[in-house]
Amino acid sequence: MGGDLGRKPAAHLYSYTREGFAGARTNVPRAGYSPSYTRIEGEYAPRRFDIAELFPPDARSFPVAILRGDGIVLEATRHAAAMDFAIRNVVADEVHYVVSGNARLETDFGAMDVRYGDFVLVPRAVAWRYVGIGDPVLALTAACEGALAVAPDPSAVLNTALDVDEPVPFADATPGDYEVLVRHRGGTTSYFYKFDPLGGQAPRGAASVRRFNIESAKGLGVAFGGIPPGRLIDDAAGRCLFYHLSSRRSDRPPIHCNADYDEIIVYAGGPGAYGGLTVPGTVAWTPKGIAHHGAEEDVAVPYQAWLLETRADLSMTEAGRSVARLMETGEYAIHPSDG
Ligand SMILES: [Fe+2]
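### Observations concerning the pattern of salt bridges
Alright, step 1. What the rule picks out here adds up to 22 salt bridges.
Alright, step 2. Residue Arg115 is joined to Glu215 by a salt bridge in which the shortest nitrogen-to-oxygen separation is 3.4 Å. Of this pair, Arg115 sits in the loop between β9 (110-114) and β10 (118-122) while Glu215 sits in the loop between β16 (210-213) and β17 (231-235), placing them 100 residues apart in sequence.
Alright, step 3. Residue Glu215 is classed as partly exposed on the basis of its relative accessible area, which comes to 46%.
Alright, step 4. Linked through salt bridges whose partners overlap, the residues forming this network are Arg104, Glu106, Arg129 and Asp196.

### Observations concerning the coordination of the iron ion
Alright, step 1. Distances from the iron ion to its protein donors, His256 (NE2), Glu263 (OE), Glu263 (OE) and His292 (NE2), fall within 2.0 to 2.4 Å.
Alright, step 2. Between consecutive donor residues of the iron ion, the sequence gaps follow H-x6-E-x28-H. You can see His256 sitting in strand β19 (residues 255-258) and its partner His292 sitting in the loop between β21 (282-286) and β22 (304-310), a full 36 residues away along the chain. In terms of burial, His256 and His292 fall into one category: buried.

### Notes on the packing of aromatic side chains
Alright, step 1. Going through the model one piece at a time under the given rule, you end up with ten aromatic pairs.
Alright, step 2. Ring centres of Tyr274 and Tyr332 lie 6.2 Å apart, and the angle between their planes is 25°; on these two criteria the pair is classed as stacked. Pair noted here: Tyr274 is in the loop between β20 (262-269) and β21 and Tyr332 is in the segment after β24 (324-326), with a separation of 58 residues, a long-range link. Pair check on accessibility: Tyr274 and Tyr332 agree, each one buried.
Alright, step 3. Taken together, the ring pairs connect Tyr97, Phe119, Phe212, Phe242 and Trp306 into an aromatic cluster.
Alright, step 4. The ring of Tyr14 is capped by Arg30, whose NZ or CZ atom sits 4.2 Å from the centre of that ring.

### Details of the environment of Gly219
Alright, step 1. When you line up the elements, Gly219 lands in the loop between β16 and β17.
Alright, step 2. Look at Gly219 and you get partly exposed, because its relative accessible area is 39%.
Alright, step 3. A C-alpha to C-alpha distance of 6.9 Å links Gly219 and Val157, two positions 62 residues apart in sequence.
Alright, step 4. Leaving out residues up to four positions away in the same chain, Gly219 has contacts with His244 and Arg248.

### Description of the sheet that holds strand β23 (residues 315-316)
Alright, step 1. In space, the seven strands of this open sheet follow the order β16-β10-β7-β12-β5-β4-β23, with antiparallel pairing throughout. Each of the sheet's edge strands pairs with one partner strand only, and the pair in question is β16 and β23.
Alright, step 2. The pairing of strand β4 (residues 64-69) with strand β5 (residues 72-79) spans five bridges and is classified as antiparallel. Each bridged residue has a counterpart across the sheet, and for Arg68 the counterpart in β5 is Val73.

### Side note on the domain arrangement of the protein chain
Alright, step 1. Segmentation of the protein chain into domains returns domain 1 (16-48 + 215-326) and domain 2 (71-150 + 162-208).
Alright, step 2. Placing a centre on the C-alpha atoms of domain 1 and another on those of domain 2 gives a separation of 28 Å.
Alright, step 3. Across the contact, 23 residues belong to domain 1 and 18 residues belong to domain 2.
Alright, step 4. A buried area of about 1700 Å², summed over both sides, lies between domain 1 and domain 2, and 72% of it is on carbon and sulfur atoms.
Alright, step 5. Among the residues domain 1 hides against domain 2, the three largest losses belong to Glu215, Ile233 and Trp306. Together they make up 28% of the total.
Alright, step 6. Inspection of the domain 1/domain 2 interface yields two salt bridges.
Alright, step 7. The residue Asp163 makes a salt bridge to Lys218 at a minimum N-O spacing of 3.9 Å.
Alright, step 8. In this assembly, domain 1 and domain 2 are joined by three residue pairs in polar contact (both at pLDDT 80 or more).
Alright, step 9. When contributions to the side of domain 1 that touches domain 2 are tallied by element, the ones reaching two or more residues are β17, β18 (240-244), β20 and β22.
Alright, step 10. Among the residues forming the side of domain 1 that touches domain 2, the class breakdown is 14 nonpolar, five polar and four charged.

### Here we look at the sheet that holds β17
Alright, step 1. Strand order in this open sheet of eight strands is β13-β17-β18-β22-β20-β21-β3-β24, and the pairing throughout is antiparallel. In this open sheet, the two strands that pair with only one neighbour each are β13 (148-153) and β24. The sheet shows a mean angle of 20° between the axes of neighbouring strands, direction not considered.
Alright, step 2. When β17 meets β18, the two strands line up antiparallel, connected through two bridges. Bridge pairing in β18 places Arg231 opposite Tyr243.

### Re the environment of Val182
Alright, step 1. Position of Val182 relative to the elements: it lies in strand β14 (residues 178-184).
Alright, step 2. Since its relative accessible area comes to 13%, Val182 is described here as buried.
Alright, step 3. Separated by 96 residues in sequence, Val182 and Ala86 place their C-alpha atoms 8.4 Å apart.
Alright, step 4. For Val182, the contacting residues outside a window of four places in its chain are Arg88, Val90, Gly187, Thr188, Thr189 and Tyr191.

### Points about the side chain of Asn213
Alright, step 1. Inspection of the secondary structure assignment puts Asn213 in strand β16.
Alright, step 2. Within the local environment of Asn213, its side chain forms a polar contact with the side chain of Asp118, the two groups lying 2.8 Å apart.
Alright, step 3. Excluding anything up to four places from it in sequence, Asn213 contacts Arg115, Tyr116, Gly117 and Asp118.

Rules and cut-offs
Residues numbered from 1 in each chain as written. Predicted model: local features only at pLDDT ≥ 70, side-chain atom pairs only at ≥ 80, totals over all residues. Heavy atoms only, no water. Salt bridge = Lys/Arg side-chain N within 4 Å of Asp/Glu carboxyl O. Helix = DSSP H or I, 4+ residues; strand = E, 2+ residues; numbered from the N terminus. Buried < 20%, exposed > 50% of the residue type's maximum accessible area, 1.4 Å probe, protein only. Donors = N, O, S within 2.8 Å, 3.2 Å for Na, K, Ca; no water. Phe/Tyr/Trp six-rings, centres within 6.5 Å; stacked < 30°, edge-to-face > 60°. Lys NZ or Arg CZ within 6 Å of the ring centre and 35° of its normal. Contact = heavy atoms within 4.5 Å. Pairing = 2+ DSSP bridges. Domains from an automatic or database assignment. Buried area = accessible area lost by both parts, 1.4 Å probe. Polar contact = N/O pair within 3.5 Å; in protein donor to acceptor, adjacent residues only side chain to side chain. Nonpolar A, V, L, I, M, F, W, Y, C, P; charged D, E, K, R; others polar. Axes fitted to C-alpha atoms, helices over the stretch in contact; angles between N-to-C directions.

See the structure below:
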């Protein structure tokens, strides 16, 4: 039997990787295209979620979780009208990613006008609310229990001096009945005030809300070969890592098995597609240990996308399951077996 090995050239290189982009790997040439499974039996499977399908047009703007794991929740939110309450998450730091729409985001530390492509880091226990809605806002929120920071690596991915900003002070003296809904491990508890508990005069300090736009991130290209995507956001424990995944000059990623991280790819926008992903806000989730490839990044028509890697073992919520489609892991299209 051993004499048969090597007679037929292996067509595909399968790469087994440890520690995400940072660890050791072993490459195995093999004839079969590893991502190409024909069907599954069981629950542990790659899925796609079109988050716009979650919401009726007049839905209340409370976040809806689609994926959840130890220390992380991925949620979707639609804001069609100004929120009449603020949210203070005392469990996790949050990254709000604006899929579409525009609005004013008011926080404990000031306000900012947000739009397509904005990543807003809201530290744990900082209150926020979307008001001044222009086009309805569709947002994805990754709530991670580690302390998140804008931490580009390599530094060329994002110019933090020019392209990262903080909210500007606002103070609304209008008396009224204001609600802050505290999200905690036991659920939610609402606090009520006769004054606006958000905003203020001129915050000073380093622990603030920070924002950058995906269009400010630089796609790291190389003339020959391929390189990993650039990191945008990190947490102190290395459990949740955010990468820029937009089109660029780089070889197609290897067929690989990520042993230590679940991967979530979010298609941000075109004009081009990222493989089988064409609708902004589509989430492509590959659980750890499942072979996948990923689309060609060096494309004629550019696109924007990003990647979240987490050590947590994610699973779908009921809402997530309601819009989930089985996904093939070559180019992240809907799997042929998902009718
Ligand atoms: Fe991967």
